[in-house]
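Observations on chain architecture
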Amino acid sequence: MFNKQRTSISNKFLATLGYFCMLIISSCLGCSYKLLKDLSTDTVSPLEICEKINHLKIPEYLAHFTLSGVLTLRGWWGIGIFNVPFIFYNFAQWCEGRHLLDHKKVFSTLSQEMRIIKAKATFFGIIMFYCLWEWATWSPPDYTPIGIGFNTMKNIQVSH
């Protein structure tokens with residue numbers, strides 16, 4: 001993929017911000033999954049679990065929106081647009097007020113919430129793999145001087 005500077009924001013900053021967003025999303029989804037798993041074994045209070053998970057929703061949604069913007073600004077239109085259905089789903093959940101877990105109804109929606117978290121984790125795993133693959137295989141253009149940008153793969157020589 002040709003990694004031309006498309007905005008006044010540097011590609012290195014956008015890449016760092018993207019990986020930071022993926023870290024936030026992964027952490028939020030992992031913690032939510034662990035908390036729901038603990039709740040399914042009935043070892044903790046549903047009220048405490050719902051409060052903790054509800055506090056993780058806003059950072060996850062903001063990081064997801066930011067990640068989509070970062071990927072689009074970097075020029076990865078396909079993967080940026082691939083995020084739109086999940087952003088729309090999160091926005092619809094937010095507008096309808098269904099993004100918060102209710103401690104009175106949590107056991108009836110537990111399996112559905114676990115499936116949603118697994119789907120999001122799979123989706124972000126694919127995005128993370130794609131971003132790492134793009135970073136590892138990207139070769140800068142010949143006019144880019146060594147030492148500027150991501151020149152990791154340019155200096156590697158393969159012997160035959």
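To keep things clear, this report deals only with the structure shown in the data block. (Residues numbered from 1 in each chain as written. Predicted model: local features only at pLDDT ≥ 70, side-chain atom pairs only at ≥ 80, totals over all residues. Heavy atoms only, no water.)

1. Let's talk about the nonpolar core
To keep it simple, the criterion reads: Nonpolar cores are built from buried Ala, Val, Leu, Ile, Met, Phe, Trp, Tyr and Cys residues. Side-chain atoms within 4.5 Å join them into one set. Buried, partly exposed and exposed residues are distinguished by accessible area as a fraction of the type maximum, computed with a 1.4 Å probe on protein chains only: under 20%, between the cut-offs, and over 50%, respectively. Helix and strand definitions here come from DSSP, where helices need a minimum of 4 consecutive H or I residues and strands a minimum of 2 consecutive E residues; each element is numbered from the N-terminal end.
If you look at the biggest cluster of nonpolar residues, it comprises 25 residues, and the most contacted ones within it are Leu36, Leu67, Leu71, Phe124 and Ile127. Among the elements of the structure, helix H1 (11-40), helix H2 (46-73) and helix H5 (110-137) are those that each provide at least two residues to this core.

2. Section: the packing of H1 against H5
Threshold: Working convention: axes come from line fits to C-alpha atoms, limited for helices to the stretch in contact. Angles between N-to-C directions cover 0 to 180 degrees. Our angle categories are set so that under 35 degrees counts as roughly parallel, over 145 as roughly antiparallel, 65 to 115 as roughly perpendicular, and the remainder as oblique. Crossing handedness is read from the near helix: turned anticlockwise from the far helix by less than a right angle, it gives a left-handed crossing, and turned clockwise, a right-handed one. Residues are grouped as follows: Ala, Val, Leu, Ile, Met, Phe, Trp, Tyr, Cys and Pro are nonpolar; Asp, Glu, Lys and Arg are charged; all remaining types, including Gly, are polar.
H5 packs onto H1 with a crossing angle of 155 degrees between their chain directions and a minimal axis gap of 10 Å. Relative to H5, H1 is oriented roughly antiparallel. Regarding H1 and H5, the two cross each other, and that crossing is left-handed. Classifying every residue of the contact of H1 with H5 gives 17 nonpolar, 3 polar and 4 charged.

3. So, empty space enclosed by the protein
Our working rule: Cavity: a set of points on a 1 Å grid over the protein atoms alone where a 1.4 Å probe fits but cannot get out. Pocket: an open set with protein on both sides within 12 Å along at least five of seven lines, its lining residues, like those of a cavity, having an atom within 4 Å of a point. Grid points are joined across faces, edges and corners, and a volume is the space filled by probe spheres set on the points.
Taken as a whole, this structure holds 3 cavities of 30 Å³ or more when the rule is applied. Counted as a void, the largest cavity has a volume near 110 Å³. Lining of the largest cavity is provided by 15 residues; of these, Lys57, Tyr61, Glu113, Ile116 and Lys120 occupy positions nearest its centre. For the lining of the largest cavity, the secondary structure elements donating two or more residues are H1, H2, helix H4 (84-96) and H5.

4. Observations concerning the pattern of salt bridges
Test applied: Here, a salt bridge means any Lys or Arg side-chain nitrogen found within 4 Å of an Asp or Glu carboxyl oxygen.
Counting across every chain of the model gives 4 salt bridges. Among the ionic pairs, lysine 120 bridges to glutamate 60, the shortest N-O distance being 2.9 Å. Of this pair, lysine 120 sits in helix H5 while glutamate 60 sits in helix H2, and the two are 60 residues apart along the sequence.

5. Focus on the packing of H1 against H2
Between H1 and H2, the shortest axis-to-axis distance is 8 Å and the interhelical angle comes to 155 degrees. With respect to H2, the element H1 is oriented roughly antiparallel. As H1 runs across H2, the sense of the crossing is left-handed. Broken down by class, the residue content of the contact of H1 with H2 amounts to 21 nonpolar, 4 polar and 2 charged.

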